[in-house]
Amino acid sequence: MEIRRCVGIVVLVSALGAQDPPPKTEAELSQQVAGALVGFARSAETYKVGSAARRAYEQVLDHYDPNHTAARAGLGWKRVGDEWQEVDPAAKPPPDAATPAQRKSVQTAWERTQKRVGRLHRDFGSLLHAAGDTARATYHWQRSLVFTPEDRAVHDLLGHGEFDGFRGSAEQIAFVQRMRAILAKAREVAELAIEVETLPPTALPAELKQVDFQWSGARGPNCQWWVAGSQLEADECVRWNERAVRMLEFLFGDDPDLRQRLKLQPTRWVAVVRTPAQRDRLLERSPSLRDGETLERAKLFGGGSFKTSSGPAGWQHHDVAHDADSAVGHAAKRGTPWFNSGLSEGFVHAMTWLLCGTVQAWYMQLPATAGEEEQRVRDPAAWLKALRADIEAGADWPLAQVPREQMTNFRNPVRHKAWTFVLWLLARHPDEWVHLMVELGGEKQDVAEVQLTFEAMLHRDFGEVEEEWREWVRAGSRIGRASGLPQ
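Basis of the calculations
- Along each chain, numbering runs from 1 in the same order as the chain's sequence is written.
- A pLDDT threshold of at least 70 governs which residues receive local features in this predicted model, and a stricter bar of 80 or more applies before side-chain atom pairs are shown or counted, although totals over entire chains, interfaces and linings include all residues.
- In computing side-chain properties, one takes all heavy atoms of the structure into account and sets aside hydrogens as well as water.
- Here a helix means four or more residues in a row that DSSP labels H or I, a strand means two or more in a row labelled E, and each is numbered from the N terminus.
- Think of it in three bands: residues with accessible area under 20% of the maximum for their type are buried, residues over 50% are exposed, and the middle band is partly exposed, with areas taken using a 1.4 Å probe on protein chains only.
- Contacts are assigned to residue pairs with any non-hydrogen atoms lying within 4.5 Å of each other.
- Only the protein chains shown count as cover for residues, and the accessible areas themselves come from Shrake-Rupley with a 1.4 Å probe.
- Positive: Lys, Arg. Negative: Asp, Glu. His and the chain ends are not part of the count.
- Note that the charge is assigned to NZ on lysines, CZ on arginines, CG on aspartates and CD on glutamates.
- Throughout this description, the term nonpolar core refers to a set of buried Ala, Val, Leu, Ile, Met, Phe, Trp, Tyr and Cys residues connected via side-chain atoms within 4.5 Å.
- Here a cavity means grid points, on a 1 Å grid over the protein atoms only, where a 1.4 Å probe fits yet cannot get out; a pocket means an open set of points with protein on both sides within 12 Å along at least five of seven lines; lining residues are those with an atom within 4 Å of a point.
- Grid points are joined across faces, edges and corners, and a volume is the space filled by probe spheres set on the points.
- Ten residue types, Ala, Val, Leu, Ile, Met, Phe, Trp, Tyr, Cys and Pro, are classed as nonpolar, four, Asp, Glu, Lys and Arg, as charged, and the remainder, Gly among them, as polar.
- Lines fitted to C-alpha atoms define the axes here, with helix axes fitted over just the stretch in contact, and angles between the N-to-C directions of these axes take values from 0 to 180 degrees.
- By the definition adopted for this analysis, an angle is roughly parallel if under 35 degrees, roughly antiparallel if over 145, roughly perpendicular if from 65 to 115, and oblique otherwise.
- What a helix is expected to span follows from its residue count: subtract one and scale by 1.5 Å.
- Whether two strands pair depends on DSSP finding at least two bridges between them.
- Left-handed describes a crossing whose near helix is turned anticlockwise from the far helix through less than a right angle; right-handed describes the clockwise counterpart.
- Salt bridges are identified by distance alone: a Lys or Arg side-chain nitrogen within 4 Å of an Asp or Glu carboxyl oxygen.
- In this analysis, a patch consists of residues with relative accessible area above 30% that form no salt bridge, clustered at 9 Å for like charges and at 5 Å for the nonpolar side chains Val, Leu, Ile, Met, Phe, Trp and Tyr.
- Between N or O atoms, a polar contact is any pair within 3.5 Å; within protein, one atom must be a potential hydrogen donor and the other a potential acceptor, and residues adjacent in sequence are included only when both atoms are from side chains.

1. Concerning the overall build of the protein chain
Summing up its helical and strand segments, the protein chain has 21 helices and 10 strands in all. Taking all 487 residues of the protein chain together, the buried fraction comes to 47%. The contacts of the protein chain with a sequence gap of at least 6 include a subset with a gap of at least 24, amounting to 62%. Of the roughly 24400 Å² of accessible surface on the protein chain, 52% is carried by carbon and sulfur atoms. For the protein chain, the centre of its 60 positive side-chain charges and the centre of its 66 negative side-chain charges are spaced 4 Å apart.

Structure below.
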């Protein structure tokens, strides 16, 4: 056993390679970096940490040599004649099978590789800077920080600033500050005291008078809530709905032209029932609430929206413990423009998580065909854990597919990504996010159209957007920690 362990250590050390002479050209640099990354990847494979190997191979293909034979083979590409066939993106890679000791050895090897690659980029960037090539020098210093993000010397070379211990570019610091501002505003809004008016039984909407429940009604500036429960429950629904409206106003900003263009007719009232029996009776006695659905189908939903003579209205069925989340979710879904459906789910989750710390409200449609249903976990900590595991395995849902997800079967991995991506988007692009989500709505777009829409609205490369989101959300992220994302 001890002999095998020693052999393994030799493999890891030798994988880092002997120190090559300093590169004199970018081609030499790319060759040395690719060699270091492939050497590490092979060691990680030996120790059954395939996820780490795949990340290293991807770095090689994305930044150093798109035709690197070993990296392509390591990622599962197959050579057919003179052409390479890329691995099916839907195929899930095998899980890691390393022991804790093996993982620790791989982590040590990765830290060595990071230092070496970071130093290569830093020193080569300095050579270019001395030769007057500032643009390429900047590129290599930025690549250096990908591997050694705490290198203060490189931050100084790039002229980076500092905010509360975080060193980064002006854009990174602006993002951290905006995300913190969003989190702080959410805490402030969640504690707002909202005045509520108790409604008398005579104010009960005609659709609800047909159902002999003991309704309690309350009204705020924007909406009425009628609950088959206590007055306190109705009051709390109104308060959380109004808090959500305040948060929406903050996120949308104060551009009057934008607000005018996006103005919707507000929901007039919402009815809340507690038990399946109450839901069934409500839908049976007041068929207009079904919005054209049969009684049998309507019973399968947890709520719905419909039109009345006085304007839009809605109904919900949930326990009192979910009142706050449901009221916030309603404002996020019904009080916003017709967003792209996939990202709209992410926006609902972003709003409920910010204000309530929960992700209970969903707006899916019934599946078109019967099939095996995914387990529906509604715990944000579990979502983050699952998402981060997918990212480490290189298996997170492609961003270009998120806006294309069908609402009849909104899958868990898509939901996890939509939630965190919208959170990131709100802080990273505070002036463009709403335009992107509106532009992605309407008719279903193919992948190429989705990518072009992102690039047109955000004025950035699509792949760069997705990679920046990954860097923020992955476990242990510097910028994620600095911005306030749970680690």
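2. What about the nonpolar core?
The biggest cluster of nonpolar side chains holds 79 residues, and the ones touching the most others in it are Phe347, Met351, Leu355, Trp433 and Trp472. If one sorts the elements of this core by residue count, helix 17 (residues 412-428) sits on top with 10 residues. Setting aside residues up to four positions removed in sequence, Trp433 forms contacts with Leu251, Phe252, Phe339, Phe347, Leu425 and Leu426. Within the second largest apolar cluster, 36 residues are counted, among which are Ala53, Val117, Val154 and Leu158.

3. Quick look at empty space enclosed by the protein
Where empty space is left in the structure can be found by rolling a water-sized probe over the atoms. This structure, assessed with the given rule, holds 1 cavity of 30 Å³ or more. Lining the largest cavity are Met179, Leu183, Trp353, Leu423, Trp472, Ser483, Gly484 and Leu485. Residue classes in the lining of the largest cavity are distributed as 6 nonpolar, 2 polar and no charged.

4. Brief notes about the packing of helix 15 (residues 341-356) against helix 17
One way to put it is that helix 15 packs onto helix 17 with a least axis distance of 7 Å and a crossing angle of 70 degrees. Put simply, helix 15 runs roughly perpendicular to helix 17. On the side of helix 15, the interface is formed by Gly342, Leu343, Glu345, Gly346, Phe347, His349, Ala350, Trp353 and Leu354, while helix 17 contributes Arg415, Ala418, Trp419, Phe421, Val422, Leu423 and Leu426. The class makeup of the residues in the contact of helix 15 with helix 17 is 11 nonpolar, 3 polar and 2 charged.

5. Some words on helix 10 (residues 231-252)
The end-to-end C-alpha distance of helix 10 is 32 Å, a good match for the 32 Å that 22 residues give at a rise of 1.5 Å each. Directly after helix 10, the chain includes Gly253, whose backbone phi takes a positive value near 85 degrees.

6. Digging into the sheet that holds strand 5 (residues 197-199)
Pairing is mixed across the open sheet formed by 6 strands, whose spatial order is 5-6-7-8-10-9. Two strands close off the open sheet at either side, each with one partner strand: strand 5 and strand 9 (303-308). Between one strand axis and the next, the sheet turns by 20 degrees as a mean value, whatever way the strands run. Judged from the 6 bridges that link them, strand 9 and strand 10 (residues 311-317) form a sheet pairing that is antiparallel. Residue pairing in the sheet places Gly303 in a bridge with Gln316 of strand 10. The strands touched by helix 12 (residues 276-285) are strand 8 (269-273) and strand 10; relative to strand 10, the strand with the most contacts, the crossing angle is about 150 degrees.

7. A look at the pairing of strand 6 (residues 216-219)
Side-chain positions along a regular strand alternate between the two faces of the sheet. In this structure, strand 5 lies alongside strand 6, joined through 3 bridges in antiparallel fashion. Of the residues in strand 6, the one forming a bridge with Leu199 is Gly217. Summarising the sheet, strand 6 and strand 7 (residues 224-227) pair through 4 bridges and their orientation is antiparallel. Its bridge partner lying in strand 7, Gly217 is registered against Trp226. Counted between consecutive antiparallel strands, the loop separating strand 6 from strand 7 contains 4 residues.

8. Let's talk about unusual backbone geometry
Positive phi, close to 65 degrees, is recorded for Lys48, a residue that is not glycine. Tracing the backbone through its elements, the reader meets Lys48 in the loop between helix 2 (26-46) and helix 3 (50-64). Although it is not a glycine, Asp291 sits at a positive phi angle of roughly 55 degrees. By relative accessible area, which is 52% here, Asp291 ends up exposed.

9. Focus: the packing of helix 8 (residues 170-190) against helix 17
Running from amino to carboxyl end, helix 8 crosses helix 17 at an angle of 110 degrees, the nearest separation of the two axes being 8 Å. As the angle between them shows, helix 8 and helix 17 are arranged roughly perpendicular. Crossing hand, helix 8 versus helix 17: right-handed. On helix 17, the residues that touch Glu171, Phe175, Arg178, Met179 and Ile182 of helix 8 are Leu423, Trp424, Leu426, Ala427 and Arg428. Considering only residue class, the contact of helix 8 with helix 17 consists of 7 nonpolar, no polar and 3 charged.

10. Overview of the pattern of salt bridges
Summed over all chains, the structure comprises 31 salt bridges. Put simply, Glu242 and Arg246 hold a salt bridge, and the shortest N to O gap is 3.7 Å. You can see Glu242 and its partner Arg246 sitting in helix 10, 4 residues apart, about one turn around the helix. With a relative accessible area of 1%, Glu242 lands in the buried category. For Glu466, the salt bridge goes to Arg470, with nearest N and O atoms at 3.2 Å. In this pair, Glu466 and Arg470 both sit in helix 20 (residues 462-473), 4 residues apart, roughly one turn of the helix. One continuous salt-bridge network, built from bridges that share partners, spans Glu171, Arg428, Arg460, Glu464 and Glu468.

11. Points about a negative patch on the surface
On the surface, Asp254, Asp255, Asp257 and Asp431 cluster together into a patch of negative charge. Topologically, Asp255 is positioned in the loop between helix 10 and helix 11 (256-261). By relative accessible area, which is 35% here, Asp255 ends up partly exposed.

12. Details of the side chain of Arg243
Mapped onto the fold, Arg243 is located in helix 10. An unpaired buried charge is present at Arg243: no salt bridge exists, and Glu236, the closest side chain of opposite charge, is 4.5 Å distant. At a separation of 2.8 Å, a polar atom in the side chain of Arg243 contacts the main-chain carbonyl oxygen of Leu192. Each residue touching Arg243, except ones within four places of it in the same chain, is listed here: Val189, Ala190, Leu192, Ile194 and Leu355.

So far we have only geometry, and geometry alone does not tell us how the molecule works.
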